[in-house]
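# Descriptive structure summary
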Amino acid sequence: MDFEKRKAATLASIRSSVTDKSPKGFLDEPIIPLLETINHHPSYFTTSSCSGRISILSQPKPKSNDSTKKKARGGSWLYITHDPADSDLVISLLFPSKSNQIDPIDQPSELVFRFEPLIIAVECKDLGSAQFLVALAISAGFRESGITSCGDGKRVIIAIRCSIRMEVPLGDTEKLMVSPEYVKFLVDIGNEKMDANRKRTDGFSVALTSNGFKNPDANDVDEDDNYENLAGDHDSSINNGNLHPGLQQDLIPLSKLSIVGEPVEKLHLWGHSACTIDKPDRKEVIVFGGFGGFGRHARRNESLLLDPSCGNLKLIAVNESPSARLGHTASMVGDFMFVIGGRADPLNILNDVWRLDISKGEWSSQRCIGSEFPPRHRHAAASVGTKVYIFGGLYNDKIVSSLHILDTKDLQWKEVEQQGQWPCARHSHAMVAYGSQLFMFGGYNGENVLNDLYSFDVQSCSWKLEVISGKWPPARFSHSMFVYKHNTGIIGGCPVSQNCQELTLLDLKHRLWRSVRLEFMNKELFVRSTASVLGDDLIVIGGGAACYAFGTKFSEPVKTNLVQSVTMSENNVPLQPEDVSIEWNKNDADLKTEMSLSQPWVIQLERKYAKFGKDLLKSFGWLDLERKVYSNEKGLCICFPVTEKFSELFHEKQLLGKDLEGSEDDSLEKGLSLKDISSSAALNLLKEHGAKKLINVAFEAKKVAKSPLQRMREYITSILKQKGLPEELLDELPQKWERLGDIVVLPATSFKDPTWNSISDEVWCAVSKSLSANRLARQGRVEPNGTRDSTLEILVGDNGWVDHCENGILYSFDATKCMFSLGNLSEKLRMGNMACENEVVVDLFAGIGYFVLPFLVRAKARLVYACEWNPHAIEALRRNVEANSVSDRCIILEGDNRITAPKGVADRVNLGLIPSSEGSWVTAIQALRPEGGILHVHGNVKDSDESSWGEHVTKTLSDIARAEGRSWEVTVEHIEKVKWYAPRIRHLVADVRCRC
């Protein structure tokens, strides 16, 4: 039976009323939408699944001398749920009262408390489809996902899964070995894992829909109010290359602030406000109000000062202050902070104005004049000059759309008259000031979560709906906005699953959306948090939610470096996804010849004519409802997919020449509806409105969700056919690749046949297009010389200098001269997580800063000596310590480390050279302090020799230490398995402790 028949049979059985083979007999309801999304794709169908469950399994005890495996003994569920567990119910089942005692069963059974996360088995059409879906699952947190079946004649099956399971024996039916309190503790842990499982599941669902999978219940084209959001419609082309196996997803780290002074719990808030004091002698964040705080959670009216540089938190002692509240706003005007509105309790919505003099630390209530300012909370505010601008908000059940201005000079309110492109009523939105403009994003209008962006010119008092190129941020509310240099940023908000791990930046100079992913330490919920900028740091305080599973959740105060965020976002901008319509030129003529003219067509119209064009196309049945509308030319135009019938009618020659005969282009002006005009008149109306017919290859790719490898194979096949070359050359196409900054690096084994040289221009162009690569290169072998030079070859692009972000660290280097291994990512992250705050580190093989930078940026080492003798690497290293703002803690020593390395200063020495660093082991021992320290010794080792290599390291270093007069105990505390370097050769790192 082929794939399509198996899929049809499986889906028919799923949709039937007959129970399935699972103990429950039917699908888990929480993941039905996810299963439908996968099954709707032509390349996949699910064969079995579980959404995640908490259970207590009763399993017969094994008999003596019984070799039956545990799973084969069977058993039954005493308790099972696919939702958070009820601890009281579980306890009552395990510890029944005397009146509810259950008759004992003949054979005692073991009782086991278990949590099992989501698992889905999916059959895939081919290996490429399997690899793509596995990569998506891993990126969403299901890191144990993989291909479980493939090969000649075998079905291609993958398992989507993760490792957060839990299994705890409780005793047996005769005697429980745990207490009710311990059972409640287990249930709480299980519920926490269930919550994490649901978040990963939601994230996986978002990843699917963002990468070409369709929700079968979604309507792609019939949303009349969708045009202002089209520029952010999940991209108009699929950038699968970013999720291809082998490509890294760079993360910006968040650093938890270590709070001293007042308890950190005083910053466990949401719905509070925060403003910055950014003066040469004073850089602090003022926090006021909110819900939460130290002790019993409640609305607060405390005024707190936080110095992020040292973490000092202090309470401002005041005689009087505003009443406790949340959902208010705070705006800085000179040396004064103005707090406006908020909610004191569910029945008391406020409209008062308070002013804090930050130089004196004194609050005063302000009596305002002018037009009435109605009570509100969850509004947004921003200040320009002496004026504070307030938009929207919530008063009881009424959502407002009014804009009020408070002139803080004379304390006079003024309501702005509605005109122009006025935003709809909303609450829980965010607004910031940049120059003489306000920028407002998102919110909730009572029915829909919004993702529109408006600007307000304070001089002309007019709103404008903005159209920005780049990937538009998802809709959200209860988020935060900030301004940094020429960027405004968006962080956090609801829905949490879409917005918690992304920092979105709007480049106001180039009018371009960019984004970076954040590396979360725990489970931060930046919902109703605050985002404040001090220098180059973004300080995020508070945020949280009332969690069903385990109560109220608050986020810890954190900060992140915006220089790194902006740099990484600029590196991560793909080729503009909306500008994907193909304009063939002479160089593409060969590809054009092979492209079938039956490719789907689109009609492009200026955005202002989009509503008219859509109605006209729908009226005549010309709109292809199977495909999606998308934006083009940086959001200024809208492209509508059209039917083959329309393509035949729409002749470019007619539209570019004289008017069509029998034109009725003035029919609409005479009062006729679209139904009353002829098709020829309708075509002419499209012409009059500047319609263009275009081919869009990328859109077709989105429809069928082709992987980058599939697109590459199609392009190259077309070229080989046209040139009359054998298709056997396709065997040399790469199956994986790496990305260094904006350079996609192909493996050295690809395109090796000399025949490729004769068609190299067409081939490299096609490969770079299929992988969405600005620059393309092919890996070479690392030169086996002392400086280990790179032999990478640039195929498309001018030079090899690249900016590559990894673990929130910027590496800049010439890839044609300096090697860079993505396989060492985990080891660099491990070194960055070492506790090095007060340590001196010596790196004997610094290179471009592979481990120097993690020691400095993430591990916060006090000082690092960086030894290197490759001049190209030294040039890059100097750039990198400057770019990451750590040059003041790094001493670069150029030359042979056996001569240049310092002696007797290091708490830690890194020897990051493979295949062996043994030539510098004496130097490493000499570099350690007299009382000893830690060595990180790298080496390539046969898998059969790993234990003996550890013994060799210990003995050799002990001998060297004795020869140097050091009476140390030398032990290998840990051996890290970094990666496979070659078949049966593993890259290892031994953590060696030397102590007196």
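You'll find the protein chain entered in an unreviewed UniProt entry as tRNA wybutosine-synthesizing protein 2/3/4, with Arabidopsis lyrata subsp. lyrata given as the organism. Of the protein chain, the UniProt comment under Function (unreviewed entry) reads exactly: "S-adenosyl-L-methionine-dependent transferase that acts as a component of the wybutosine biosynthesis pathway. Wybutosine is a hyper modified guanosine with a tricyclic base found at the 3'-position adjacent to the anticodon of eukaryotic phenylalanine tRNA." The Pathway (unreviewed entry) field of the UniProt record for the protein chain holds the comment "tRNA modification; wybutosine-tRNA(Phe) biosynthesis."

Assigned secondary structure in the protein chain consists of 21 helices and 59 strands. Residues classed as buried in the protein chain amount to 53% of the 996 residues present. Nonlocal contacts in the protein chain, meaning residues at least 24 apart in sequence, comprise 65% of its contacts between residues at least 6 apart.

The subject of this paragraph is the sheet that holds strand S14 (residues 282-288). The sheet built from five strands is open, its strands ordered S11-S18-S17-S14-S13 with mixed pairing. Of all strands in the sheet, those bounded by a partner on one side alone are strand S11 (260-261) and strand S13 (273-279). In terms of strand pairing, S13 meets S14 through seven bridges, oriented antiparallel. When the sheet's bridge partners are listed, Thr-276 is paired in S14 with Val-285.

An α-helical turn contains 3.6 residues, so any two residues separated by three or four positions project in the same direction. All of the buried residues in helix H12 (residues 679-688) are Ala-681, Ala-682, Leu-683, Asn-684, Leu-685 and Leu-686. Once H12 finishes, Gly-690 follows within two positions and takes phi at roughly 80°, a positive value.

What follows concerns the sheet that holds strand S33 (residues 462-465). The four strands are arranged S30-S31-S32-S33 in an open sheet whose pairing can be described as antiparallel. Looking at which strands have only one partner, the edges of the open sheet turn out to be strand S30 (430-434) and S33. On average, adjacent strands in this sheet sit at an angle of 25° to one another, irrespective of strand direction. The pairing of strand S31 (residues 437-444) with strand S32 (residues 449-457) spans seven bridges and is classified as antiparallel.

Time to look at the nonpolar core. Core analysis: the largest hydrophobic core is formed by 45 residues, its most contacted members being Val-122, Leu-133, Ile-160 and Phe-204. Examining the composition of this core, we find that eight residues originate from one element, helix H5 (residues 180-209), more than from any other. Listed in part, the 38 residues of the second largest apolar core include Phe-813, Ile-848, Val-852 and Val-864.

For strand S38 (residues 530-534), a buried count of five out of five residues is recorded, marking the element as mostly surrounded by other parts of the structure. The alternating pattern of S38 places Thr-530, Ser-532 and Leu-534 on one face and Ala-531 and Val-533 on the opposite face, and all of these are buried. Here S38 pairs with strand S39 (residues 537-541) via five bridges, running antiparallel. Among the inter-strand pairings, Val-533 is bridged to a residue of S39, identified as Leu-538. What sits between the antiparallel neighbours S38 and S39 is a turn of two residues, in which Gly-535 has the positive phi angle 65°.

A word on the packing of aromatic side chains. Here the structure, examined in full by the defined rule, presents 22 aromatic pairs. On the numbers, 5.1 Å between centres and 55° between planes, the contact of Phe-288 with Trp-363 is tilted. Placement of the pair is Phe-288 in strand S14 and Trp-363 in strand S22 (residues 362-366), with a sequence separation of 75 residues. You'll find Phe-288 and Trp-363 in the same group, each marked buried. Their ring planes at 20° and their centres at 4.8 Å tell us that Phe-620 and Trp-622 sit as a pair that is stacked. According to the relative accessible area criterion, Trp-622 is buried, its value standing at 1%. The ring of Trp-601 carries Lys-693 above its face, with NZ or CZ at 4.3 Å from the centroid. The cationic tip of Arg-986 hangs over the ring face of Trp-980; the distance from NZ or CZ to the ring centre is 3.8 Å.

Let's shift gears to the pattern of salt bridges. This structure, assessed with the given rule, holds 42 salt bridges. With a closest N to O distance of 3.5 Å, Lys-184 and Asp-188 form a salt bridge. Residue Lys-184 and its partner Asp-188 are both found in helix H5; the two are separated by four residues, about one turn of the helix. We note a salt bridge from Glu-762 to Lys-723, for which the minimum N-O separation is 3.2 Å. In this pair, Glu-762 sits in helix H15 (residues 760-770) while Lys-723 sits in helix H14 (residues 708-723), placing the two residues 39 residues apart along the sequence. For Lys-723, a relative accessible area of 35% translates into the label partly exposed. If you follow the salt bridges from partner to partner, you end up with Arg-53, Arg-114, Glu-116, Arg-165 and Glu-167 in one network.

Another point: unusual backbone geometry. Cis geometry marks the peptide bond from Ile-914 to Pro-915, where omega comes out at 15°. Note that Pro-915 resides in the loop between strand S56 (908-911) and helix H20 (921-927). The phi torsion at Arg-511 lies on the positive side, around 50°, for a residue other than glycine. Mapping Arg-511 onto the fold places it in the loop between strand S36 (502-507) and strand S37 (512-519).

Turning our eyes to something else, we now look at the packing of helix H9 (residues 610-619) against H12. Interhelical geometry of H9 versus H12 gives an angle of 160° and a closest axis separation of 11 Å. Considered as vectors, H9 and H12 are oriented roughly antiparallel to each other. Here H9 runs over H12; the crossing is left-handed. Judged by residue contacts, Phe-612, Leu-616 and Leu-617 of H9 engage Ala-682, Leu-685 and Leu-686 from H12. By residue class, the composition of the contact of H9 with H12 is six nonpolar, no polar and no charged.

Taking 1.5 Å as the rise per residue, helix H21 (residues 946-963) with 18 residues should run 26 Å; its terminal C-alpha atoms sit 26 Å apart, in good agreement. Those residues of H21 not exposed but buried are Glu-946, Trp-949, Gly-950, Val-953, Thr-956, Leu-957, Ser-958, Ile-960 and Ala-961. For H21, the secondary structure elements touched by its buried residues are H20, strand S57 (932-942), strand S58 (969-982) and strand S59 (985-995). Just downstream of H21, Gly-965 is the residue with a positive phi angle, here 80°.

Let us look at the side chain of Ser-129. Structurally, the position occupied by Ser-129 is in helix H4 (residues 127-139). Non-local contacts of Ser-129, meaning those with residues more than four positions away in its chain, are made with Ser-43, Tyr-44, Cys-124 and Gln-710.

This part covers the side chain of Ser-55. Note that Ser-55 resides in strand S2 (residues 53-60). Once residues lying within four places of it in the same chain are set aside, the contact partners of Ser-55 are Trp-77, Tyr-79, Ile-80, Val-112, Phe-113, Arg-114 and Glu-116.

Quick look at the packing of helix H2 (residues 32-40) against H5 now. To describe two helices that pack against each other, one gives the angle between their axes and the distance between the axes. Across the interface, H2 lies against H5 with an axial gap of 10 Å and an inter-helix angle of 30°. Between H2 and H5, the crossing angle belongs to the class labelled roughly parallel. The crossing of H2 and H5 is left-handed. When H2 is examined against H5, the residues Leu-34, Thr-37 and Ile-38 are found in contact with a partner set consisting of Thr-201, Phe-204, Ser-205, Leu-208 and Thr-209.

By secondary structure assignment, the location of Gln-459 is in the loop between S32 and S33. Along the chain, Gln-459 and Ser-436 lie 23 residues apart, while their C-alpha atoms are 7.2 Å from each other.

Attention shifts here to the confidence of the model for the protein chain. Per-residue confidence for the protein chain gives a mean pLDDT of 81; residues scoring 70 or more make up 82%. Scored below 50 in pLDDT, residues 217-249 shows 91 contacts in the model against residues more than four places distant or in partner chains. In this model, residues 573-598 is a region of pLDDT below 50 whose contacts with residues beyond four sequence positions or in other chains number 50 contacts.

What follows deals with the environment of Gly-295. Along the chain, the position of Gly-295 falls in the loop between strand S15 (291-292) and strand S16 (298-299). By relative accessible area, Gly-295 is classed as exposed at 52%. Residues Gly-295 and Glu-265 lie 30 residues apart in sequence; the distance between their C-alpha atoms is 8.0 Å.

Further remarks concern the environment of Pro-180. Relative to the assigned elements, Pro-180 resides in helix H5. On the basis of relative accessibility, which here comes to 29%, the residue Pro-180 falls in the partly exposed class. Measuring from C-alpha to C-alpha, the distance between Pro-180 and Ser-87 comes to 9.3 Å, with 93 residues separating the pair along the chain. Apart from the residues within four sequence positions on either side, Pro-180 is in contact with Ile-91 and Phe-95.

Rules used throughout
- Residues numbered from 1 in each chain as written.
- Predicted model: local features only at pLDDT ≥ 70, side-chain atom pairs only at ≥ 80, totals over all residues.
- Heavy atoms only, no water.
- UniProt positions renumbered as here; feature names shortened; annotations may be inferred.
- Helix = DSSP H or I, 4+ residues; strand = E, 2+ residues; numbered from the N terminus.
- Buried < 20%, exposed > 50% of the residue type's maximum accessible area, 1.4 Å probe, protein only.
- Contact = heavy atoms within 4.5 Å.
- Pairing = 2+ DSSP bridges.
- Axes fitted to C-alpha atoms, helices over the stretch in contact; angles between N-to-C directions.
- Core = buried A, V, L, I, M, F, W, Y, C linked by side-chain atoms within 4.5 Å.
- Phe/Tyr/Trp six-rings, centres within 6.5 Å; stacked < 30°, edge-to-face > 60°.
- Lys NZ or Arg CZ within 6 Å of the ring centre and 35° of its normal.
- Salt bridge = Lys/Arg side-chain N within 4 Å of Asp/Glu carboxyl O.
- Parallel < 35°, antiparallel > 145°, perpendicular 65-115°, else oblique.
- Left-handed = near helix turned anticlockwise from the far one by under 90°.
- Nonpolar A, V, L, I, M, F, W, Y, C, P; charged D, E, K, R; others polar.
- Expected span 1.5 Å × (residues − 1).
- pLDDT = per-residue confidence, 0-100.

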